[in-house]
Amino acid sequence: MELGEKLQILEEIIYRNAKSELEAAETPLSLQTVVADAVAAKFKAEAYDNLRIRTMQTEAQTESYTGTPEELLNVIGKGKEREK
């Protein structure tokens with residue numbers, strides 16, 4: 001079974017369950033779409049949070065010695081001397 005087929009089946013299962021629950025609660029059709037949109041927004045927010053957290057969990061890069069501020073100033077100073 002391909003991913004597209006699985007997604008269609010899941011969509012149908014979710015729709016049937018949600019529809020029966022909304023009808024059992026005697027929710028007007030106009031409000032059923034509002035509820036469905038709110039649920040979709042929750043899924044989107046959850047997916048965004050998971051993506052955001054995953055991108056922050058990258059491996060730390062190893063630090064290397066770059067020198068002291070004084071060494072940097074010396075290098076910059078030598079570069080200015082060469083330009084003259």
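Data block above holds the structure.
Being a predicted model, the structure only gives us computed values, none of them experimental. (Residues numbered from 1 in each chain as written. Predicted model: local features only at pLDDT ≥ 70, side-chain atom pairs only at ≥ 80, totals over all residues. Heavy atoms only, no water.)

Some details on unusual backbone geometry
- At E26, a position not held by glycine, the phi torsion is positive, near 55 degrees.
- Along the polypeptide, E26 turns up in the loop between helix 1 (3-24) and helix 2 (29-56).
- For E26, a relative accessible area of 70% corresponds to the exposed category. (Helix = DSSP H or I, 4+ residues; strand = E, 2+ residues; numbered from the N terminus. Buried < 20%, exposed > 50% of the residue type's maximum accessible area, 1.4 Å probe, protein only.)

Describing the side chain of Q32
- Inspection of the secondary structure assignment puts Q32 in helix 2.
- Here Q32 falls in the buried class, since its relative accessible area comes to 9%.
- Aside from chain neighbours lying at most four places away, what touches Q32 is K19, L22, E23 and T27. (Contact = heavy atoms within 4.5 Å.)

Thoughts on a nonpolar patch on the surface
- On the surface, a cluster of nonpolar side chains totalling about 730 Å² of accessible area is made up of M1, L3, L7, I9, L10, I13 and I14.
- Among the secondary structure elements, L10 is positioned in helix 1.
- In this structure L10 comes out as partly exposed when scored by relative accessible area, which is 46%. (Patch = residues over 30% accessible without salt bridge, like charges linked within 9 Å, V, L, I, M, F, W, Y side chains within 5 Å. Areas by Shrake-Rupley, 256 points an atom, 1.4 Å probe, with all protein chains shown as cover. Salt bridge = Lys/Arg side-chain N within 4 Å of Asp/Glu carboxyl O.)

Points about the packing of helix 1 against helix 2
- The N-to-C vectors of helix 1 and helix 2 enclose an angle of 135 degrees; their axes lie 11 Å apart at closest approach. In this view, helix 1 runs oblique relative to helix 2, as classed from their interaxial angle. Of the two possible hands of crossing, helix 1 and helix 2 adopt the one that is right-handed. Taken together, the residues of helix 2 that come into contact with helix 1 (itself represented by K19, L22 and E23) are L29, Q32 and V35. (Axes fitted to C-alpha atoms, helices over the stretch in contact; angles between N-to-C directions. Parallel < 35°, antiparallel > 145°, perpendicular 65-115°, else oblique. Left-handed = near helix turned anticlockwise from the far one by under 90°.)

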